[in-house]
Amino acid sequence: MADDMVNVDAGTNAGTNAGTGAGTDAGTDTAAGVRDGDAVSRFVERFAAQLTEAGMQRMAARVFAQLLASDGGAMTSAELGEALQISPAAVSGAVSYLTQVNMVSREREPGSRRDRYVLHNELWYETFTRRDQVLTLWEKTLREGAATLGTDSPAGARVAETAAFFEFMQGEMLGLMDRWRAHKATIGLG
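Predicted, not measured: the structure shown is a model, and the values here were computed from it.

Enquirer: An account of the overall build of the protein chain is needed here, citing residue identities and associated values.
Expert: Of the regular secondary structure elements, the protein chain holds seven helices and five strands. Secondary structure elements in the protein chain, listed N-terminal to C-terminal, are α-β-β-α-α-β-α-α-β-β-α-α. For the protein chain, with 190 residues in total, the buried portion stands at 37%. Taking all contacts inside the protein chain whose residues are at least 6 apart in sequence as the whole, residues at least 24 apart take part in 50%.

Enquirer: Pulling in residues and values, what's your account of the pattern of salt bridges?
Expert: For the structure shown, the criterion picks out eight salt bridges. R62 is the salt-bridge partner of E45, the closest N and O atoms lying 2.8 Å from each other. Taken together, the residues span a long stretch of sequence, with E45 in helix α2 (residues 37-53) and R62 in helix α3 (residues 58-69) at a distance of 17 residues. On the accessibility criterion, E45 (31% relative accessible area) is partly exposed.

Enquirer: Hey, could you go over the sheet that holds strand β3 (residues 74-76) for me, with residue numbers and the actual values?
Expert: Taken in spatial order, the three strands of this open sheet run β3-β5-β4, and their pairing is antiparallel. Looking along the sheet, the strands with just one partner apiece sit at the ends: β3 and β4 (104-108). For this sheet, the mean inter-axis angle between neighbouring strands, taken without regard to orientation, is 30°. Bridge count for β3 against strand β5 (residues 115-119) is three bridges, and the pairing is antiparallel.

Enquirer: Kindly report on helix α4 (residues 77-84), identifying the contributing residues and their values.
Expert: Those residues of α4 lying buried are E79, L80, G81, A83 and L84. In the segment just after α4, Q85 is the residue with positive phi, at about 55°.

Rules behind the numbers
Residues numbered from 1 in each chain as written. Predicted model: local features only at pLDDT ≥ 70, side-chain atom pairs only at ≥ 80, totals over all residues. Heavy atoms only, no water. Helix = DSSP H or I, 4+ residues; strand = E, 2+ residues; numbered from the N terminus. Buried < 20%, exposed > 50% of the residue type's maximum accessible area, 1.4 Å probe, protein only. Contact = heavy atoms within 4.5 Å. Salt bridge = Lys/Arg side-chain N within 4 Å of Asp/Glu carboxyl O. Pairing = 2+ DSSP bridges. Axes fitted to C-alpha atoms, helices over the stretch in contact; angles between N-to-C directions.

See the structure below:
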């Protein structure tokens, strides 16, 4: 990776370490001076715990929260390991999960051997759009299951209701994403 890119990300993220003291310019916030690295670490751990409670793998949740809290939205494996005080193997496993569920991408700068792990642009929009594709697949399978079970049976009726729920969710999700984009523009988020 190009050294200037590494330094930007390393400088941004190292200050989120709890007690490591790495990167004194890491927590620089142009408005407030310097971020409190311990407070950032507490935020990362708190949000990661909430993601874990919602069903995400614990280490993946920590890595995701750390990336989200980084100004660049991208870090190397070494930076993640240092910030979270975890092993390279733990970072690798977490990143594998996050790439599999399309929450992060792996990028390599030309001429470099190191990968950077990057949050997707419009992360939540993309995540929910992909979820919409999953809902389509589930709905189709559930409708076939309801027909197989017979919609007049209790199991078939339950499966048919689940399919109808996912169909409803899909319709609502499309409208919701359109409303989000319009709202985002009105609050100055691009």
